[in-house]
Amino acid sequence: AIGVIFAAFITTDNLSKDNITVTGSAYEIVKSDSANWTFSIKAKEPTKVQAYKVIKQQIPVVKKYLMSKGFAENQIEIKLSNTYESYKSNPHTGYATNIVEYYNYEQPITVSTNDVEKIKDLSTRYEDLVEQGINISSYEQPQYHYSKLAELKVKLLKNASSDARDRAKSMLKSNHNRVGKIRSAKMGVFQITPVDSNDVSDSGFNDLSSIEKKVTAVANITFAIK
C-alpha cells in the first residue's frame, strides 16, 4: 500500500443547534495480487471437422508457448468451444444465402496467476504465436484482482469515520463546542478505480483493468454537539 489520504467536506447547512453532519473519506492505493486473461484461437475451414482438427493441432502449441513463459499447466484452462457457420452472399443482391461458405471454430483459453506482471506481458506480447500461424484474438482485457479487499474495506470505513470526527472537531473548535455521540451514520458505496481516475458511481465502481487501484470509502456521520 502506498498510503492513506483523508478528506472531508462540510457546509454550513450541515450544522444545526444540536447536531453536526460531516462527510469523511479515506482511500488507499493497493496493488493487485492475482490476474486472469481469456483469449481465443480461431480457425475457419470448409467443414466443421477440418476446423476442429486445426484447433486440436494448435492447442498443444499454445500450451507449450504459455509454459515457456512461466505459466504452470494448472494455470491454463481450456474453456468450452464455440462453432458457427458463415454463409455465402448472393453476388447480385448482397444478401446472405443458405449456402455455407466456411465453418468457424473458436477455442477460448483462460490463463490465471498470482504474477500480475506476467499476465500483462502476455496480453501485450504474443507475436510468437501469430508468427506460428495461430489466429489469436481477445474480446476482453486482462482482469486484475485484489484478494484482501474485504479487510481493506473495514479498515477504510473506520478511517473515514475517524476523519469525519476530526473534521467535526475542527469546525466546532472555534465555537468552543465539542463533538458528542454519533446520532446517525451512513456508509457510502466503495469506489475502486485506477489510481489516476476520478470516476464515481452511485452504485459503486469496481475497476478490474488496472494493476494498481485506488479504493475509496465514504462515511456520512451526524454527531451530537456538546
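Our subject is the structure listed above.
Rules of the game
- Residues numbered from 1 in each chain as written.
- Predicted model: local features only at pLDDT ≥ 70, side-chain atom pairs only at ≥ 80, totals over all residues.
- Heavy atoms only, no water.
- Helix = DSSP H or I, 4+ residues; strand = E, 2+ residues; numbered from the N terminus.
- Rg over C-alpha atoms; globule rule 2.2 N^0.38 Å.
- Buried < 20%, exposed > 50% of the residue type's maximum accessible area, 1.4 Å probe, protein only.
- Salt bridge = Lys/Arg side-chain N within 4 Å of Asp/Glu carboxyl O.
- Phe/Tyr/Trp six-rings, centres within 6.5 Å; stacked < 30°, edge-to-face > 60°.
- Core = buried A, V, L, I, M, F, W, Y, C linked by side-chain atoms within 4.5 Å.
- Contact = heavy atoms within 4.5 Å.

Some remarks on the overall build of the chain
Part 1 of the reasoning: Each helix and strand in the chain was counted, giving 4 helices and 12 strands.
Part 2 of the reasoning: In summary, the chain has a C-alpha radius of gyration of 27 Å against a globular reference of 17 Å for 226 residues, an excess of more than 25%.
Part 3 of the reasoning: For the chain, the C-alpha atoms occupy an extent of roughly 85 × 50 × 25 Å along the three principal directions.
Part 4 of the reasoning: Scored against the burial criterion, the 226 residues of the chain give a buried share of 36%.

A look at the pattern of salt bridges
Part 1 of the reasoning: Summed over the entire model, instances satisfying the criterion amount to 8 salt bridges.
Part 2 of the reasoning: Across the salt bridge formed by aspartate 121 and arginine 125, the nearest N and O atoms sit 3.6 Å from each other.
Part 3 of the reasoning: Classification of arginine 125 by relative accessible area gives exposed; the value is 53%.
Part 4 of the reasoning: Between aspartate 207 and lysine 213 there is a salt bridge whose closest N-O contact spans 3.8 Å. Taken as a pair, aspartate 207 and lysine 213 share a single burial class, namely buried.

Here we look at the packing of aromatic side chains
Part 1 of the reasoning: Within this structure, the stated rule accounts for 3 aromatic pairs.
Part 2 of the reasoning: Relative to phenylalanine 39, the ring of tryptophan 37 lies with its centre 5.1 Å away and its plane at 40°, an arrangement referred to as tilted. Pair check on accessibility: tryptophan 37 and phenylalanine 39 agree, each one buried.
Part 3 of the reasoning: With a centroid separation of 5.9 Å and 55° between ring planes, the pair formed by tyrosine 52 and tyrosine 105 is classed as tilted. One end of the pair, tyrosine 52, is in helix α1 (residues 48-68); the other, tyrosine 105, is in strand β6 (residues 96-113), with 53 residues separating them in the sequence.

Points about unusual backbone geometry
Part 1 of the reasoning: One non-glycine residue with positive phi stands out, namely histidine 176, at about 60°.
Part 2 of the reasoning: Checked against the element boundaries, histidine 176 lands in the loop between α4 (149-173) and β9 (179-187).
Part 3 of the reasoning: What makes histidine 176 exposed here is its relative accessible area of 74%.

Description of the nonpolar core
One broad trend across soluble globular proteins is that nonpolar side chains are buried collectively.
Part 1 of the reasoning: Counting 24 residues, the largest nonpolar core has Phe39, Ile41, Val62 and Leu66 as its most contacted members.
Part 2 of the reasoning: When residues of this core are traced back to their parent elements, those giving at least two are β3 (34-45), α1, β6 and α2 (116-124).
Part 3 of the reasoning: Tallying contributions element by element places α1 first for this core, with 6 residues.
Part 4 of the reasoning: For valine 62, the contacting residues outside a window of four places in its chain are Phe39, Ile41, Ile109, Leu129 and Ile134.
Part 5 of the reasoning: With 19 residues, the next largest nonpolar core counts Leu152, Ile192, Val215 and Ile225 among its residues.

Structural notes on the environment of serine 184
Part 1 of the reasoning: Secondary-structure assignment places serine 184 in strand β9.
Part 2 of the reasoning: Relative accessible area serves as the criterion here: at 37%, serine 184 is assigned to the partly exposed category.
Part 3 of the reasoning: Taking the C-alpha atoms as reference points, serine 184 and isoleucine 221, 37 residues apart in sequence, are found 5.8 Å from one another.
Part 4 of the reasoning: Setting aside its immediate chain neighbours within four residues, serine 184 contacts Asn220, Ile221 and Thr222.

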